Amino acid sequence: MEYLNYFILSIYFVLFPLFLGGIIRKVRARSQSRRGPGVLQNLYDFLRLWQKNPIDGPNSALFAENAPITIFLSSIIVWSIVTFEWTSILIIPFFLALQRMCILGFAMETGTSFGGLGTSRELLLAICSEPILIMSLLVAQSKLQVGFNWLGILMGMLFLGAFMVAILAEIAKPPFDDPRTHLELTMVHEAMLLEASGRTLAYFEGAAQLKIASFLVLLMRVGIEHTNFDFRILFGGILENLAVYIGAIFLAVFLGYWEARSVRRKWIWVPEIMGMTFLFLLVLGTLIKI
Amino acid sequence: MLVLSRALFLGSLVIPLFFMGESGANWNLSQHLPLVMGLVLQAILGISIFLFSIGEDSHRKSGVALGYSLFFMGLSGSYLSGKSLYLPFFWELSSLGAFLVYTSIHFNFAKTKSIISLYIASGASGIFLACWIFLPDNHVVGNIFLLLALLLKSAFSIFHLWYPDLHEGAPTSASASFSGIAINLPLLMFVQYFQPEWLTVLAYKIMVPIAGIGIFLGGVTAFFSKDIKKILAYSTIEKVNFLWLCLFLYKLWIQGMETEMVFFGKIFLILFYVTLLHHSVSKSYQFLVFGHLRDFADSNSIDYAKGVGRIAGIPFLLLGFGTFSFVLLPGTLGFVSEATYLYLISRVVDLDSGKSIVILPAMVIFIIGLALGSMAHSRLFLTLSLSVPSDELVKKTEQKSSSIYITYSLVYLSILLTITPILLSGVLSFSGYFNIDPGLSKWFLTLFNISVLSLIFYFVMIYGKFSHRIEKRVLWDCGNNYRGSELSIPASVISEPLHDSLGITTNMQDGESNFDSWLKIKILNIFKLGKVWISEVESGDISNYIAFSSTSLLLTLLVLVIFKFYKDSSWNILTILF
């Protein structure tokens, strides 16, 4: 049963990131009464870009050469930790730090005002979201269990909601970022990648898809593993993993709808909402512990 | 003379290791680990200071080398003296050595302020140490003096006011020595000499939040500061407070009766050593790199010096090694240190609810300070090394070049930064000495594996260039032939959007700390008390002068009488804490 579980997980590992981002795009288009691209469009875009040689600016150097593939590979590492749980999830923030350093370095190295603007905003988001993310991962790592009753479910949902706020900031979604626009007033992630082209852009976009898959699956895993209801009593871990991955698809549908119906908020609002979320999570964590 | 003084410099780093037996200390790690660690770290990091000082721009090279030999002799002597009369002597000898280093550069206001700060802190802590030495063993007041001396010298929260001023005007190599090497002395002396029972549980519980405030304020101020050296100074304050936090928690829990808390106390001691190593090596690196860039641009302003790294002639990768450690990339010393801290907190979460509810929120809030501190280093690196320099700066520095010895010094430290995480996590996972818990050993093994794999990964990435190799560069001309310097951003653009929400209560618009400025004014007002008093009376009014002097005399007598009659009860007040 264990080998079968690993086999199924390997299938998830390969296939899931290929279409999860596509589901978000499809649902977003449908919510706006458009047909939208197919669910594998991100994969096609990746393959198309990967075949093209990048063009480098006059200031490009170390980060332009190494950041794209480093980000891509470290995203695969994070995705493998989430899928196979081969090490503690407390390691994840450090690989996220590696990704952040690489993308910030790439953006600053190009020396454009857009790169600088994106860097400034990314750092602000990082400062605000990192404590929430770390606290959520600490809880996820612990042996805390919420009861399978109405109070437990309410507490768990509130916790996951707060965790989702940090995830939205990490995966560049509204209300913190708006990947649909190319306006200097709204861009964060896109602003940092304006100078990326060809294979370089392919690696960055591929890493973004892996990051989305990692966080959505992680959120579901935290939710399911910390309830008193033990999914493992049926079919070993297979049922549990099935629940996690189906849940992640539902989250992707929700995210597509959310993206279609929301906009990016102004910057002065970001630290306030993040601060409030952090305090909320702290109080909630204490209550769950009690 | 130059050769002799440099030989003395190198000798002052290595020779003290051979005097350990003479001083009563030995290589037995279970007894004298703090002393061994202090001396070995000093010898290893001192070599980078030696190389850097050769390449540093100064008009009295032999004076500098002699100064450093006295400085390191003073530090070594302080480690080895124990509770003896030699301690304050060596303590002050290191300050005298630092003075000689200062004489190699032209004095200005910032440098004068720097050396005065050093002498005030060193002198006051030296006096406190002398009091500890002259008082009998285990005397309550003596213990208080020892603690005060160590807190002051290490720039613990509230006692830190002198520290940013010290770095603002210090020569670069001296700054690195103060922050990466000298600051270890008071912390390690605390581990070696201060017995857990010398402070009560209540006192430890007061010190822990003060250290926590120091972590937060240090991190926030480092992030918003606009002075290159002050950013690193506040980052040091943040890290030092974290180290003190580990020590206070260790001494608090190690004396308890509960096995679980004693275990946590021991882990906090291990975390202290790991973080101390990270701080020493990485911070020395940061001070040397960014201090050199500051000297190259001849400006303390982080905004003015943007992009100076591109024209300083130091290889690109070398500019970032220290920052990579502080932003906690896998495989760095910072990663080993912070990952261990996270592991510890995760263990605290699983404690029974009564204990974890008290400890956990504080631990998590400290993460904000640590996160801000690491972002301060990102901000430094991104703008000084990666941004594009202004035409004015390029023109000003076109005649300058960086000495090859500075590059040697950085290469030496970068090798240390590369191998230390593997060695450290390897020793912690495989050595029986630190094997206090199977879960912890397994954790260090995980860190060891990730460190090894990450370093192989970085090496292959950088030298393999699998992404692509830059062959052709194209300028995206927006219509006015801009080449980057007109559009590149300074550091303020990164920090200012957060000022109104996060920094408005802690920092002024110019990046200076609100709290420090307020505290300095209050302290100065105390010194100005006599002035205020005199301003109240007309000059020459003898009766008023007599009245004031009589009042002062009576007040002094009153204090003495109170202490005389209520001696026992007044000491009782102290014994609540000590």
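This structure is a prediction, so every number in the text was calculated from the model and none was measured.

A.B. asks: Could you clarify how one ought to interpret the overall build of chain A in this entry?
C.D. replies: Across its full length, chain A holds 10 helices and zero strands. Beginning at the N terminus, the succession of helices and strands in chain A can be written as α-α-α-α-α-α-α-α-α-α. In terms of C-alpha radius of gyration, chain A reaches 19 Å, essentially the compact-globule figure of 19 Å for 290 residues. The C-alpha extent of chain A, read off along each of the three principal axes, is 60 × 45 × 40 Å. In chain A, which comprises 290 residues, the proportion classed as buried is 53%. Look at the contacts in chain A between residues 6 or more apart in sequence, and 79% of them connect residues 24 or more apart.

A.B. asks: Looking at this model, I keep getting lost on helix 18 (residues 438–464) of chain B. Mind explaining?
C.D. replies: Within an α-helix, residues lying three or four positions from one another point in the same direction, as the helix has 3.6 residues per turn. With 27 residues, helix 18 of chain B extends 38 Å between its outermost C-alpha atoms, agreeing within 8% with the 39 Å of an ideal straight helix rising 1.5 Å per residue. Positioned one or two residues after helix 18 of chain B, K465 of chain B has a phi angle of 50 degrees, which is positive.

A.B. asks: Looking at this structure, I do not really get unusual backbone geometry. What am I missing?
C.D. replies: What is expected of a backbone is that most residues other than glycine have negative phi and most peptide bonds are trans. Following P174 of chain A, the chain continues into P175 of chain A via a peptide bond in cis, with omega recorded as 10 degrees. Relative to the helices and strands, P175 of chain A is located in the loop between helix 6 (150–170) and helix 7 (189–192). Phi is positive for A172 of chain A, close to 60 degrees, though the residue is something other than glycine. Tracing the backbone shows A172 of chain A in the loop between helix 6 and helix 7. Positive phi outside glycine occurs at D298 of chain B, with the angle close to 55 degrees. On the basis of neighbour count, D298 of chain B is assigned to the partly exposed category, with 13 C-beta atoms found within 10 Å.

A.B. asks: Hey, could you run me through helix 5 (residues 109–134) of chain B in this one?
C.D. replies: Residues and elements named next belong to chain B. Taking 1.5 Å per residue, 26 residues should reach 38 Å; helix 5 reaches 37 Å between its end C-alpha atoms and fits that length. What helix 5 keeps buried is the set S114, I115, S117, L118, A121, S122, S125, G126, F128, L129 and W132. Among the structural elements, helix 4 (86–102), helix 6 (140–153) and helix 7 (162–169) are those in contact with the buried residues of helix 5.

A.B. asks: What should I look at first to understand the environment of I210 of chain B in this one?
C.D. replies: All names here are of chain B. Along the polypeptide, I210 turns up in helix 10 (residues 201–224). Using a count of 17 C-beta atoms within 10 Å as the deciding quantity, one classes I210 as partly exposed. Distance in space between the C-alpha atoms of I210 and W244 is 9.8 Å, their sequence separation being 34 residues.

A.B. asks: Would you explain the confidence of the model for chain B in this entry?
C.D. replies: Any residue range with low pLDDT should be treated as having predicted coordinates unsuitable for detailed reading. All names here are of chain B. In this model, chain B carries an average pLDDT of 87, and 90% of its residues clear a pLDDT of 70 or more. By mean pLDDT, helix 23 (residues 567–577) is the weakest element of chain B at 55, and helix 8 (residues 172–182) is the strongest at 95. Interface confidence in the predicted complex, given as ipTM, is 0.92; pTM for the same model is 0.91.

A.B. asks: Would you mind going over the interface of chain A and chain B with me for this structure?
C.D. replies: By convention, interface size is frequently given as the accessible area that disappears when the constituent parts associate. Chain A puts 60 residues into the contact, and the matching count from chain B is 56 residues. Those elements giving two or more residues to the side of chain A that touches chain B turn out to be helix 3 (62–84), helix 4 (92–109), helix 5 (113–141), helix 8 (198–225) and helix 10 (269–289) of chain A. Ranked by the residues each element gives to the side of chain A that touches chain B, the list is headed by helix 5 of chain A, at 15 residues. Class assignment for the residues of the side of chain A that touches chain B results in 33 nonpolar, 19 polar and eight charged.

What counts and how
- Residues numbered from 1 in each chain as written.
- Chains lettered and ligands numbered in written order.
- Predicted model: local features only at pLDDT ≥ 70, side-chain atom pairs only at ≥ 80, totals over all residues.
- Helix = DSSP H or I, 4+ residues; strand = E, 2+ residues; numbered from the N terminus.
- Rg over C-alpha atoms; globule rule 2.2 N^0.38 Å.
- Buried ≥ 20, exposed ≤ 12 C-beta atoms within 10 Å, placed from the backbone.
- Contact = placed C-beta atoms within 7 Å.
- Expected span 1.5 Å × (residues − 1).
- pLDDT = per-residue confidence, 0-100.
- Nonpolar A, V, L, I, M, F, W, Y, C, P; charged D, E, K, R; others polar.

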